[in-house]
Amino acid sequence: DARVTQTPRDKVTEMGQEVTMRCQPILGHNTVFWYRQTMMQGLELLAYFRNRAPLDDSGMPKDRFSAEMPDATLATLKIQPSEPRDSAVYFCASAISPGTGVTGELFFGEGSRLTVL
Amino acid sequence: AQKVTQAQTEISVVEKEDVTLDCVYETRDTTYYLFWYKQPPSGELVFLIRRNSFDEQNEISGRYSWNFQKSTSSFNFTITASQVVDSAVYFCALSEKTSYDKVIFGPGTSLSVIP
């Protein structure tokens, strides 16, 4: 079964530490999304890429968050320095898109649960 | 700008009752795509359906049905004869042609089916 793989599944860290979350999209998928889920804000789109190029990262706090796709098989989301308000579940999703709207299914990973103490 | 509203935050029904989850969207595009996802207590997001803006036919899949009405910008989801396993958070989502693949989710509706 093709699936999106995220690591780590769970991360507990202290405020001020750097956190890196990784995502392996489904092979052949050209669009990758990062979402953050909290009780208060629901599913927020942080950033997304098509063909490894960042298209929109307006949902991310720019001073501490960064998202990259060093290659087609890896997307990363980094938080430096982390803060307690960053505690959330971070989901990666991938899809095939022609660039004129996602026409098919977004496949989600199982999420990375981040707790910042 | 695209926006998805799910006015029902929480719904509770007794098993075997029918329940409808509302979704209202905003878009200026004539070409767009609508989705429903289910998030059970285990946390994963499960794809249920995708609809494009040119296909207004309602769809039925087992106990699930979807009513797409462009005139009211709504894409409602009905579960017939609900079961305990339907307990989950349900998300409606929108992708616009001109937003280059941006997919925005609504706030979700938490459905509890009581035995």
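Everything that follows concerns the structure shown earlier in this document.
So, here's what we can say about the structure. These numbers come from a predicted model, not from an experiment.

### Focus on the interface of chain B and chain A
Taken together, the contacts link 19 residues of chain B with 22 residues of chain A. Of the roughly 1800 Å² buried between chain B and chain A on both sides combined, carbon and sulfur atoms contribute 58%. The largest share of the area that chain B buries against chain A comes from B:Leu45, B:Asp101 and B:Phe105, three residues that together contribute 32% of it. Our count for the contact surface shared by chain B and chain A stands at 1 salt bridge. With its nearest N and O atoms 3.1 Å apart, the salt bridge here joins A:Asp56 to B:Lys102. On the surface where chain B and chain A come into contact, there are 5 residue pairs in polar contact (both at pLDDT 80 or more). Here the side of chain B that touches chain A gets 4 residues from one element, more than from any other, and that element is strand E5 (residues 32-39) of chain B.

### Description of the sheet that holds strand E1 (residues 5-7) of chain A
All names here are of chain A. Spatial strand order, E1-E3-E8-E7: 4 strands in an open sheet with antiparallel pairing. Edge positions in the sheet fall to E1 and strand E7 (65-71), since each of these pairs with one other strand and no more. Between one strand and the next, the sheet's axes are offset by a mean angle of 15 degrees, whatever the strand orientation. Two strands pair when backbone bridges link them, and E1 and strand E3 (residues 19-24) are joined in this way by 3 bridges, in the antiparallel orientation. Across the sheet, the residue bridging to Thr5 is Gln24, located in E3.

Criteria and cut-off values
Residues numbered from 1 in each chain as written. Chains lettered and ligands numbered in written order. Predicted model: local features only at pLDDT ≥ 70, side-chain atom pairs only at ≥ 80, totals over all residues. Heavy atoms only, no water. Contact = heavy atoms within 4.5 Å. Buried area = accessible area lost by both parts, 1.4 Å probe. Salt bridge = Lys/Arg side-chain N within 4 Å of Asp/Glu carboxyl O. Polar contact = N/O pair within 3.5 Å; in protein donor to acceptor, adjacent residues only side chain to side chain. Helix = DSSP H or I, 4+ residues; strand = E, 2+ residues; numbered from the N terminus. Pairing = 2+ DSSP bridges. Axes fitted to C-alpha atoms, helices over the stretch in contact; angles between N-to-C directions.

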